[in-house]
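Breakdown of the fold
In case you want the letters, here they are:
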Amino acid sequence: AGEGSVSGLDANADRNGVWGTPTQIGTKGSLAPSVSVTPAGNAIAVYQQRLYDSGGIWINTEIHSRRYDHTAGTWTAAEQISIDSATWAYDPSVAADSSGNAMAVWQHEGEVWARRYDVTLGWEVSPTQLSNSPRGVFTPKIVVDGNDVFTVVWIEDSDPINSGLPGGGPNHASPYARRYASGS
């Protein structure tokens, strides 16, 4: 299967012990979904969305989000939450707290970025850069604890590139973490 074979992203919800009909929430090129469900049964999903040129060639990726309303049984329209459409964004992860607020993280241009969702106000205007790697980051993930404190973890190459050495010199992959208390 080639790149064009990725047809979309489907979601389904168990409502009172019965699975519903799958709903397509992502279009052609939707990949790497992450979903978090609140105690009320609402959900937020983030995923990588491939962008294609007019000839159908994959040219870029963005991070998109959709939210599920358990009471209505419906999904919101997709929203782009990554920085721009001109550079690559991937490896999204999302967590929602007990009130329905959420935090999404992803990798973009070799750094970890985050964007907060407020259940009353929606997505923050701009994402926040969490890392400052001289080389690059890998696999950002986010969780939230019972006190609504979000924790993001990722792996970062922490050595600067040395142009005098093959491959830029040695890498020193190190774990990093940042915490955010909801409401602060």
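Attention here is on the structure that accompanies the text. (Residues numbered from 1 in each chain as written. Predicted model: local features only at pLDDT ≥ 70, side-chain atom pairs only at ≥ 80, totals over all residues. Heavy atoms only, no water.)

So, on to the sheet that holds strand β16 (residues 149-157). Strands sit in the order β15-β16-β17 across an open sheet of 3 strands; the sheet is antiparallel. Unpaired on one side and paired on the other, β15 (136-144) and β17 (173-181) mark the two borders of the sheet. On average, adjacent strands in this sheet sit at an angle of 20 degrees to one another, irrespective of strand direction. Strand direction decides the pairing type here: β16 and β17, joined by 9 bridges, are antiparallel. Looking at β17, one finds that Phe150 is bridged to Tyr180. (Pairing = 2+ DSSP bridges. Helix = DSSP H or I, 4+ residues; strand = E, 2+ residues; numbered from the N terminus. Axes fitted to C-alpha atoms, helices over the stretch in contact; angles between N-to-C directions.)

As a further point, take unusual backbone geometry. For Asn16, which is not glycine, the phi dihedral falls at a positive 60 degrees. In this structure, Asn16 sits in the loop between β2 (14-15) and β3 (18-19). Classification of Asn16 as exposed rests on a relative accessible area of 77%. One non-glycine residue with positive phi stands out, namely Glu109, at about 50 degrees. (Buried < 20%, exposed > 50% of the residue type's maximum accessible area, 1.4 Å probe, protein only.)

Taking burial as the measure, the 8 residues of strand β12 (residues 111-118) include 8 buried ones, the bulk of the element. Of the two faces of β12, both are covered, the one formed by Glu111, Trp113, Arg115 and Tyr117 as well as the one formed by Val112, Ala114, Arg116 and Asp118. Bridge count between strand β11 (residues 102-108) and β12: 7 bridges; the pairing is antiparallel. Residue pairing in the sheet places Val105 in a bridge with Ala114 of β12. Between the antiparallel neighbours β11 and β12 lie 2 residues, among them Glu109 with a positive phi of about 50 degrees.

It is worth spelling out the packing of aromatic side chains at this point. One pass over the full model with this rule turns up 5 aromatic pairs. The interplanar angle of 10 degrees and the centroid separation of 6.1 Å between the aromatic rings of Trp154 and Tyr176 together place this pair among those described as stacked. Of this pair, Trp154 sits in strand β16 while Tyr176 sits in strand β17, placing them 22 residues apart in sequence. Among the residues examined, Tyr176 registers a relative accessible area of 33% and is labelled partly exposed. Directly above the ring of Tyr52 sits Lys28, whose terminal nitrogen or CZ lies 4.5 Å from the centroid. (Phe/Tyr/Trp six-rings, centres within 6.5 Å; stacked < 30°, edge-to-face > 60°. Lys NZ or Arg CZ within 6 Å of the ring centre and 35° of its normal.)

Formed by 13 residues in total, the largest nonpolar core has its most connected members in Ile44, Ile81, Ala104 and Trp106. Only β6 (43-52), β10 (89-96), β11 and β12 provide two or more residues apiece to this core. Ranked by size, the runner-up nonpolar core spans 11 residues in total, among them Ala95, Val137, Ile142 and Phe150. (Core = buried A, V, L, I, M, F, W, Y, C linked by side-chain atoms within 4.5 Å.)

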